[in-house]
Amino acid sequence: MDFDRLIPIIRRLALEAGDRIMEVYKKSKSDASPVTEADEAADAIISAGLRAAFPDVVLITEEQAASHALTAQTFLIVDPLDGTKEFVQRRGDFTVNIAYVENGVPLRGVVYAPAQGRLFYTRADGQAVEETGALDKAAAGATRAISVSQPDNAGLMVVASKSHRDAATDDYIGKYACKDMKSAGSSLKFCLVATGEADLYPRLGRTMEWDTAAGDAVLRGAGGHVVRYDDHTPLAYGKPGWDNPFFIAYAPGVQLKK
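Reading the values: the criteria
Counting of residues starts from 1 at the beginning of each chain's written sequence and follows it residue by residue. Only residues with pLDDT of at least 70 get local features here, since the model is predicted, and only at 80 or more are side-chain atom pairs given and counted; chain-wide, interface and lining totals rely on the full set of residues. As a rule here, side-chain values cover all heavy atoms of the structure and leave hydrogens and water aside. Exposure classes here rest on a 1.4 Å probe applied to the protein chains alone. A residue is buried below 20% of its type maximum, exposed above 50%, and partly exposed in between. For the purposes of this entry, the term helix denotes a DSSP run of H or I that reaches at least four residues, the term strand denotes a run of E that reaches at least two, and both are numbered from the N terminus. Only strands that DSSP links by at least two bridges are regarded as paired with each other. The axes used here are C-alpha line fits, helices contributing only the stretch in contact, and every angle between their N-to-C directions lies in the interval 0 to 180 degrees. When describing relative orientation, an angle under 35 degrees is termed roughly parallel and one over 145 degrees roughly antiparallel, while 65 to 115 degrees is termed roughly perpendicular and anything else oblique. Note on convention: near helix rotated counterclockwise from far helix by under a right angle means a left-handed crossing. Clockwise means right-handed. Contact definition: two residues touch when any of their heavy atoms are within 4.5 Å. In the scheme used here, Gly and all other residues not listed as nonpolar or charged are polar, with Ala, Val, Leu, Ile, Met, Phe, Trp, Tyr, Cys and Pro taken as nonpolar and Asp, Glu, Lys and Arg as charged. What makes a salt bridge here is a side-chain nitrogen of Lys or Arg within 4 Å of a carboxyl oxygen of Asp or Glu, nothing more.

A short note on the pairing of strand 14 (residues 247-250)
The alternating pattern of strand 14 places Phe247 and Ala249 on one face and Ile248 and Tyr250 on the opposite face, and all of these are buried. Bridge count for strand 10 (residues 200-203) against strand 14 is four bridges, and the pairing is antiparallel. Its bridge partner lying in strand 14, Leu200 is registered against Tyr250. Pairing analysis gives four bridges linking strand 12 (residues 225-228) to strand 14, with the strands arranged antiparallel.

So, the packing of helix 1 (residues 3-27) against helix 2 (residues 33-53)
Contact pair helix 1 / helix 2: the axes reach a minimum separation of 9 Å and the direction vectors enclose 160°. On the basis of the axis angle, helix 1 is roughly antiparallel to helix 2. For the pair helix 1 and helix 2, the crossing hand works out as right-handed. Facing helix 1, whose interface residues are Arg5, Ile9, Ile10, Leu13, Glu16, Ala17, Arg20, Ile21, Val24 and Lys27, helix 2 presents Pro34, Glu37, Ala38, Ala41, Ala42, Ile45, Ile46, Gly49, Leu50 and Ala53. Its residues assigned to classes, the contact of helix 1 with helix 2 shows 14 nonpolar, one polar and five charged.

What about unusual backbone geometry?
Positive phi is not limited to glycine here, since Ser186 has a value of about 60°. With respect to the helices and strands, the residue Ser186 is situated in the loop between strand 9 (178-184) and helix 5 (188-194). For Ser186, a relative accessible area of 9% translates into the label buried. Residues other than glycine seldom take positive phi values, yet His232 does so here, at roughly 60°. By the element assignment, His232 lies in the loop between strand 12 and strand 13 (243-244).

Regarding the pattern of salt bridges
Two side chains that carry opposite charge are able to pair once their charged atoms sit near each other. For the coordinates displayed, the defined rule picks out 15 salt bridges. Asp19 is the partner of Lys137 in a salt bridge, and the nearest nitrogen-oxygen pair spans 2.6 Å. Of this pair, Lys137 sits in the loop between strand 6 (128-131) and strand 7 (143-145) while Asp19 sits in helix 1, and the two are 118 residues apart along the sequence. Here Asp19 falls in the partly exposed class, since its relative accessible area comes to 33%. A salt bridge links Asp230 to Arg228; the shortest N-O distance between them is 2.8 Å. Look at Asp230 and you get partly exposed, because its relative accessible area is 46%. The exposure class assigned to Arg228 is partly exposed, which follows from its relative accessible area of 26%.

Structural notes on the sheet that holds strand 1 (residues 59-61)
Here seven strands make up an open sheet; going across it, the order is 1-2-3-4-5-6-7 and the pairing mixed. Edge positions in the sheet fall to strand 1 and strand 7, since each of these pairs with one other strand and no more. If you compare each strand with its neighbour and ignore which way they point, the axes differ by 20° on average. Across six bridges, strand 2 (residues 75-82) lies against strand 3 (residues 95-102) in antiparallel orientation. Note that in strand 3 the partner of Leu76 across the bridge is Tyr100. Set on the sheet, helix 1 makes contact with strand 2, strand 3, strand 4 (105-113), strand 5 (118-122) and strand 6; between it and strand 4 the angle comes to about 30°. On the sheet, helix 2 packs against strand 1, strand 2 and strand 3 and is oriented at approximately 155° with respect to strand 2.

Right, here's the structure in full:
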């Protein structure tokens, strides 16, 4: 894959999809139908762009069930609207996610939170950045390199799901000395670890690879890790059925608990 070509394309497609999502969001009321409209419109934009640019690369997308029957170790993977509950409840922390996975490893990705105006991605060289400014589709603006925190294990910053918290997650978080807890929706949780705004994000619940690949790529590009909850081995991609085991995303200085 030519990363110098890939990154501007996935950045632009994420911004275009985000614009379309916001058109629906601004006129929507609190029911599920606008989510479907926004999801499908965003997926159409991203899928058309990726197929035109990279016709020979397998494309997996949440919105296209036929793609879920495919098997691959190297592929593009898309969640056009992650955080549907946040969308319906008008909380704003939903995201557009596009990632490139090679040999089971998410190497590059973009996460765009259009309602918050926050855009995170990996540069061609793999470094994760947050872009600031006007977010012009034609050309990238100023960026700042992001990196994980130097955590203090005597007082960790933990981020957890806003819509999918459960007792098992709370029990696991309880094993750590926590200075503060924040809730966030969608793949933004990976980005909060990537920027050092949080140290630890455990997920003891069902997710799919399209939910996590882009955020995982951004976090890796910021020096972070995503590992399986059960054995602390790196979370791999291209798994049968595209579903993930429980996982932990964290800054390397965190002393993980079993």
